[in-house]
Amino acid sequence: MLGQSKFWADATGATSVPELIDILRQHGRGSAARGPIRGFGYEQARLGRQPTADDLDTVSSDRSVIVMHRSGHGFVVNHAALREAGIDENTDSPEGGLIGRSEDGKLDGRVFDSACDLLTGPGGTKITNHGPNFHLPDDPETLADQLDIAQDVLLAAGITSVADCQVTPRELKTYTMLAQQNRLRLRVTMMVLSSHFDALDNLGLGRRGDGRLELGGVKLYVDGSVSSGTAYIPTERCADTEHLYHSPEEFTELLGRAHRLGLQTATHAQGPEAIRMVLDA
């Protein structure tokens, strides 16, 4: 994700929607002529409001435009991206996710948490109700280049050991490829996302790995993000945006499955009921 950010438009400093649009437009001029325009790091509190699909249509009406929320828990996309993802007025929000709509019921461009599966395309990474999906498709060499750049950034700061807390087969293949090519210059501990328990059976690494790459355990999610407004903190207002990824019974089974494999767990939980679910499990 760090290396990926070096290829996307940096929207972390945007303080208004027009400024966000200008950042994305400038990035679009320098990216592939017909490829998607991608950005990251917007914060609706800094912008004054949520950006919308209509706003992003002014960046491009025919190219896919997506910008990730600073929490990583979702995106706002333009209408071209909605069409590309097959999202229309009849598409319901999935369990543990949100497809945003305005007061008149029209799609407003928000695609959050488990709904992000729709943005990765037919052959992309799918994590269903196990967390937000920011694993957008890229070819293997592009992913390797992104990881090389991330390693440069971290090593320049004196950081030599990291934990990746959301590993899917996309990341697993990239880390393994770089390790085999002697391009892995960091010590990496992988936390495999709970949607991909089956990948653990084929990992080929012991708990101690090979010294540079090791399995650290399983990453789980219970609810969304406070900053994006999707954490499960029920109130009379905005209750339609707040959600849990799992029932208490399902989460307890997932946690137990990890421990039966002898693995530690790390769980994202922000609302009080979500935290209680973790403690009870």
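Check the entry above for the structure.
Each chain carries its own residue numbering, running from 1 in the direction its sequence is written. Confidence filtering applies because this is a predicted model: local features only for residues at pLDDT of at least 70, side-chain atom pairs given and counted only at 80 or more, and all residues used for totals across whole chains, interfaces and linings. Side-chain figures throughout are based on the complete set of non-hydrogen atoms in the structure, without hydrogens or water.

Draft legend 1. Quick peek at the sheet that holds strand E2 (residues 37-42). When DSSP locates at least two bridges between a pair of strands, those strands are taken to pair. Numbering of helices and strands starts at the N terminus; helices are DSSP runs of H or I of at least 4 residues and strands are runs of E of at least 2. Spatially, six strands are ordered E1-E2-E3-E4-E6-E5 in an open sheet, and the strand pairing comes out mixed. Here the strands that pair on one side only, and so sit at the sheet edges, are strand E1 (9-10) and strand E5 (97-101). Of the strands in this sheet, E1, E2 and strand E3 (65-69) touch helix H2 (residues 17-30), which is tilted by about 145 degrees from E2. Contacts: residue pairs with any heavy atoms within 4.5 Å of one another. Only the contacting stretch of a helix is used when fitting its axis, a line to C-alpha atoms as for every element, and angles between N-to-C directions run 0 to 180 degrees.

Draft legend 2. Representation of the nonpolar core. Here, nonpolar core means buried Ala, Val, Leu, Ile, Met, Phe, Trp, Tyr and Cys residues that are tied together by side-chain atoms lying within 4.5 Å of each other. In this scheme, a residue with accessible area under 20% of its type's maximum is buried, one over 50% is exposed, and one in between is partly exposed, where area comes from a 1.4 Å probe on protein chains only. Tyr175, Val188, Met190, Leu200 and Val218 are the most contacted members of the largest nonpolar core, which has 27 residues in total. Those elements that place two or more of their residues in this core are helix H6 (140-156), helix H7 (169-180), strand E8 (187-193), helix H8 (197-201), strand E9 (213-221), helix H9 (248-260) and helix H10 (272-280). What tyrosine 175 contacts, discounting residues up to four positions off in sequence, is Leu147, Asp164, Val167, Leu184, Val188, Met190 and Leu213. Listed in part, the 19 residues of the second largest apolar core include Phe40, Ala53, Val77 and Ala81.

Draft legend 3. Spotlight on unusual backbone geometry. The phi dihedral of threonine 128 is positive, around 45 degrees, even though this residue is not glycine. Within the element layout of this structure, threonine 128 appears in the loop between strand E6 (107-113) and H6. Notably, asparagine 182 is not glycine yet its phi reads approximately 60 degrees, a positive angle. Among the structural elements, asparagine 182 can be located in the loop between H7 and E8.

Draft legend 4. Main features of the sheet that holds E9. Spatial ordering of the open sheet is given by E7-E8-E9-E10, a layout of four strands whose pairing is parallel. Strand pairing shows two members of the sheet lacking a second neighbour, strand E7 (161-167) and strand E10 (265-268), which therefore form its edges. Mean inter-strand twist for the sheet, computed between neighbouring axes without regard to direction, equals 30 degrees. Strand contacts of H7: E7, E8 and E9, with the helix running at about 145 degrees to E7, the strand carrying the most contacts.

Draft legend 5. Region of the structure containing the layout of surface pockets. Computed from the structure, the largest pocket encloses a volume of approximately 820 Å³. Note on definitions: the grid is 1 Å and covers protein atoms alone; a cavity is a set of points where a 1.4 Å probe fits but cannot get out; a pocket is an open set with protein on both sides within 12 Å along at least five of seven lines; lining residues have an atom within 4 Å of a point. In terms of lining residues, the largest pocket is bounded by 37 residues, among which Met1, Leu2, Phe134, Asp164 and Tyr175 are the most central. Elements supplying a minimum of two residues to the lining of the largest pocket: helix H1 (2-5), E2, E3, H6, E7, H7 and E9. Here the lining of the largest pocket gets six residues from one element, more than from any other, and that element is H6. Any residue that is not Ala, Val, Leu, Ile, Met, Phe, Trp, Tyr, Cys, Pro, Asp, Glu, Lys or Arg is counted as polar, Gly included; the first ten are nonpolar and the last four charged. Of the residues belonging to the lining of the largest pocket, the class tally is 18 nonpolar, 14 polar and five charged. Grid points are joined across faces, edges and corners, and a volume is the space filled by probe spheres set on the points.

Draft legend 6. A look at the pairing of E3. In terms of burial, E3 is a largely internal element, five of the five residues being buried. Connecting E3 to the antiparallel partner strand E4 (residues 74-77) that follows it, the hairpin turn spans four residues, and glycine 72 within it adopts a positive phi of roughly 80 degrees.

Draft legend 7. Structural view of the packing of aromatic side chains. Between the rings of Phe, Tyr and Trp (Trp by its six-membered ring), a pair exists once the centres lie within 6.5 Å; its type follows the angle of the planes, with under 30 degrees stacked, over 60 edge-to-face, and the other angles tilted. What the rule picks out here adds up to one aromatic pair. Aromatic side chains tyrosine 221 and tyrosine 245 sit 5.8 Å apart centroid to centroid with 75 degrees between the ring planes, which places their arrangement in the edge-to-face category. Of the two residues, tyrosine 221 is situated in strand E9 and tyrosine 245 in the loop between E9 and H9; the sequence distance between them amounts to 24 residues. Each member of the pair tyrosine 221 and tyrosine 245 is classed as buried.

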